[in-house]
Amino acid sequence: MSGSPHPIAILQTVLDDACKIGVFPAAQAIVLHRGVQVFGHVTGKVSGDTRFDLASVTKVLGTTALFLRLWTEGKVGPDTHVSRFFPGSPVGDAGATVADLLYHRSGLPPFVPFFAQALTAHPELLDADCPSAVRARVREDVIQAAAATPLAAAPRTRTAYSDVGFILLGEILSRAANAPLDTLFTRYIAEPLGLSARFHRLTDFPADSTPAPTGATRPREPAPGQEGLWKDVPTQPTRPGEVDDDNAWVMDGVAGHAGLFGTAVDVARFGQAVLDGCSGGAAVAPGPLWHRLLATDSLVEGSTRSMGFDSPSATLSSAGHYIGDTPPGAVGHLGFTGTSLWVDLRRSLVVALVTNRVANGRNELRIRDFRPVFHDLVVEALDLTDLKQGTHG
C-alpha cells in the first residue's frame, strides 16, 4: 500500500462532488478520532475561517452547553419550573420544567412564525439603521408571544421538537444568569473552548467577516411544510451575514433556538468537549452532569432525545448506519441551513459538517441523502465499522 492515498481521502472527493452538483454551495468538514484531527476539508468559495450560520446546532453548542454550565453553578437545573421565569404562561401553568424544554416534551408546538407579526407591526426592522430600542422591544415581544403560546399537548406525554421551547429556554438562562445570551455564550463556552463562534447581533452587526451566504430576502421563503403559515408580509432584500432564521432575526439575531455562526472547527471542538466531559474533563461541566445530560429521556416512550441533544433513530438516521450503533451510542444535532454534529461516544469520534445548502433554495433537500452517506464513509475509512466484533483499528 506504499504510496496509496489514505482511504479517508475519499471524503474530500465526496464533498467536492456534492458542491459541484449543487447539494450546497460551500462546506467545511472536520473529523476527530480519539482527540486527533484525522480529516479536514473546505469546498466552495470559502476558507477554513469562514463562519457558517449554524442554525439549530445553536441548540447544543449554545443553549444546552450554557444550561450545563449554569447547572454547574446552581443557577438553574433540570427541575427548575418554567413558571419561575414565566408565571401565568400556558407552559408554566402546566408544570413544565427546564428538563421538559430540553427533552422537547414540554407540549409546545414546533414552530410559530412570530416574525410575521413583528415585521407587520415594525417594518422598520428591515432598515439597516433600525434603532436598537426598536429591536430590543420587538425581541421582548417575541419572547412574550412564545411564553403565551398555547400547548399542543400536556407536558411529558410526547416528544415534539420545538423551536418555541428553546426560545423560552434561552431567555430562562439569560434571566437566571442576569446577562444577555450572547454575552453568556462568549464568557462560558466560546472563550474556555477556544471557539470563534458567536452570535451576529443586528444592532452590532459584524464588519470583520463575511459568513457563508444563506438566503437573500426577508422574510425567507417558507421551508417545506411551512407554506401558508403566514401571509401579507412583504419580502425585501436582506444584508448578507444576517441570521437565516426569521424568528431569530427579529430577536436581534440572538436566540436560544438559532443564531450562532461558526466554523466546522468550532463545532468539532465542542464535540470533543462532549467526549472530554464524559471522561472527566471539566471545561464546561464535571463528568457526572454530562452523563445525566446525555441520558436518553426515560419518561416518553420511544424518545431519541437526551437533554438538548438527539441520538440516531432506529430507522436510517442522518448519522448513517454505524454512528451510535454500539452502546453507549451517539449524540448530535442538525441545523436547517445544512449543518450537523455527531459524536460517537463508543468510538471517540466527532464529525462536524457545516454547509450553506439553503443558499441554493430551501427546497434543496439533497443534504438529507448526503449526510448518512458521508457519515458512513467516515466510519468505513477509519476502519471503525465493526466495534461489536472488536475488529476496529
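Residues numbered from 1 in each chain as written. Predicted model: local features only at pLDDT ≥ 70, side-chain atom pairs only at ≥ 80, totals over all residues. Heavy atoms only, no water.

1. A word on the packing of aromatic side chains
Then comes step 1: Evaluation of the coordinates by the stated rule reveals 7 aromatic pairs.
Then comes step 2: Judged by centre distance (6.0 Å) and plane angle (85°), the rings of Phe 185 and Phe 199 are edge-to-face. With Phe 185 in helix H8 (residues 181-193) and Phe 199 in strand S4 (residues 198-199), this pair connects stretches of sequence that are 14 residues apart.
Then comes step 3: When the ring centre of Phe 166 is taken as reference, the NZ or CZ atom of Lys 59 above it lies at 6.0 Å.
Then comes step 4: Taking NZ or CZ as reference, Arg 187 lies 5.7 Å from the ring centre of Tyr 188, over its face. (Phe/Tyr/Trp six-rings, centres within 6.5 Å; stacked < 30°, edge-to-face > 60°. Helix = DSSP H or I, 4+ residues; strand = E, 2+ residues; numbered from the N terminus. Lys NZ or Arg CZ within 6 Å of the ring centre and 35° of its normal.)

2. Section: the sheet that holds S4
In a beta sheet, neighbouring strands are held together by backbone hydrogen bonds and run either parallel or antiparallel to one another.
Then comes step 1: Judged by pairing direction, the sheet is antiparallel, and its 3 strands sit side by side in the order S3-S7-S4 without closing on themselves. Strand pairing shows two members of the sheet lacking a second neighbour, strand S3 (52-53) and S4, which therefore form its edges.
Then comes step 2: Taken together, the 2 bridges between S4 and strand S7 (residues 260-262) define a ladder with antiparallel strand orientation. Bridging from a neighbouring strand, Phe 199 pairs with Leu 260 of S7. (Pairing = 2+ DSSP bridges.)

3. As for the sheet that holds strand S8 (residues 330-335)
Then comes step 1: Spatially, S2-S1-S10-S9-S8 is the arrangement adopted by the 5 strands of the open sheet, whose pairing is antiparallel. The sheet is open, and its two edges are formed by strand S2 (36-43) and S8, each paired on a single side. Each strand axis lies, on average, 5° off the axis of its neighbour in the sheet, ignoring direction.
Then comes step 2: When strand S9 (residues 339-344) meets strand S10 (residues 349-355), the two strands line up antiparallel, connected through 6 bridges. Across the sheet, the residue bridging to Trp 342 is Val 351, located in S10.
Then comes step 3: Strand contacts of helix H1 (residues 10-20): strand S1 (27-33), S2 and S10, with the helix running at about 25° to S2, the strand carrying the most contacts. (Axes fitted to C-alpha atoms, helices over the stretch in contact; angles between N-to-C directions. Contact = heavy atoms within 4.5 Å.)

4. Some remarks on the pattern of salt bridges
Two side chains bearing opposite charge may form a pair once their charged atoms approach each other closely.
Then comes step 1: Scanning the model with the defined rule gives 20 salt bridges in all.
Then comes step 2: Note that Arg 105 is salt-bridged to Asp 297, the shortest N-O span being 2.6 Å. Of the two residues, Arg 105 is situated in the loop between helix H4 (98-102) and helix H5 (114-121) and Asp 297 in the loop between helix H11 (287-294) and S8; the sequence distance between them amounts to 192 residues. With respect to class, Arg 105 is no different from Asp 297; both count as buried.
Then comes step 3: Linking Glu 140 and Arg 175 is a salt bridge whose minimum nitrogen-to-oxygen distance equals 3.9 Å. (Salt bridge = Lys/Arg side-chain N within 4 Å of Asp/Glu carboxyl O. Buried < 20%, exposed > 50% of the residue type's maximum accessible area, 1.4 Å probe, protein only.)

5. Focus: the nonpolar core
Across soluble globular proteins, you tend to see nonpolar side chains buried next to one another.
Then comes step 1: Within the largest apolar cluster, 98 residues are counted, with the highest numbers of intra-cluster contacts made by Phe 185, Phe 270 and Trp 290.
Then comes step 2: Sort the elements by how many residues they give to this core and helix H7 (residues 163-177) lands first, with 9 residues.
Then comes step 3: Not counting the four nearest positions on each side in its chain, Phe 270 is found in contact with Val 60, Leu 61, Ala 65, Leu 193, Trp 290, Phe 309 and Leu 341.
Then comes step 4: Leu 15, Leu 349, Ile 367 and Phe 370 belong to the second largest nonpolar core, which has 29 residues in total. (Core = buried A, V, L, I, M, F, W, Y, C linked by side-chain atoms within 4.5 Å.)

6. Focus on the confidence of the model for the protein
Then comes step 1: Per-residue confidence for the protein averages 93 on the pLDDT scale, and 97% of its residues sit at or above 70.
Then comes step 2: Note on residues 389-393: pLDDT is under 50 here. Beyond four places in sequence and across chains, it has 11 contacts. (pLDDT = per-residue confidence, 0-100.)

7. Brief notes about the side chain of Thr 355
Then comes step 1: Position of Thr 355 relative to the elements: it lies in strand S10.
Then comes step 2: Residue class for Thr 355 comes out buried when judged on its relative accessible area of 0%.
Then comes step 3: Of the polar contacts made by the side chain of Thr 355, one reaches the backbone oxygen of Gly 338; its length is 2.8 Å.
Then comes step 4: Among the polar contacts made by the side chain of Thr 355, one reaches the main-chain amide nitrogen of Arg 357 at a distance of 3.4 Å.
Then comes step 5: Ignoring anything within four residues of it in the chain, the contact list for Thr 355 reads Phe 24, Ala 26, Ala 27, Phe 52, Thr 337, Gly 338, Thr 339 and Ile 367. (Polar contact = N/O pair within 3.5 Å; in protein donor to acceptor, adjacent residues only side chain to side chain.)

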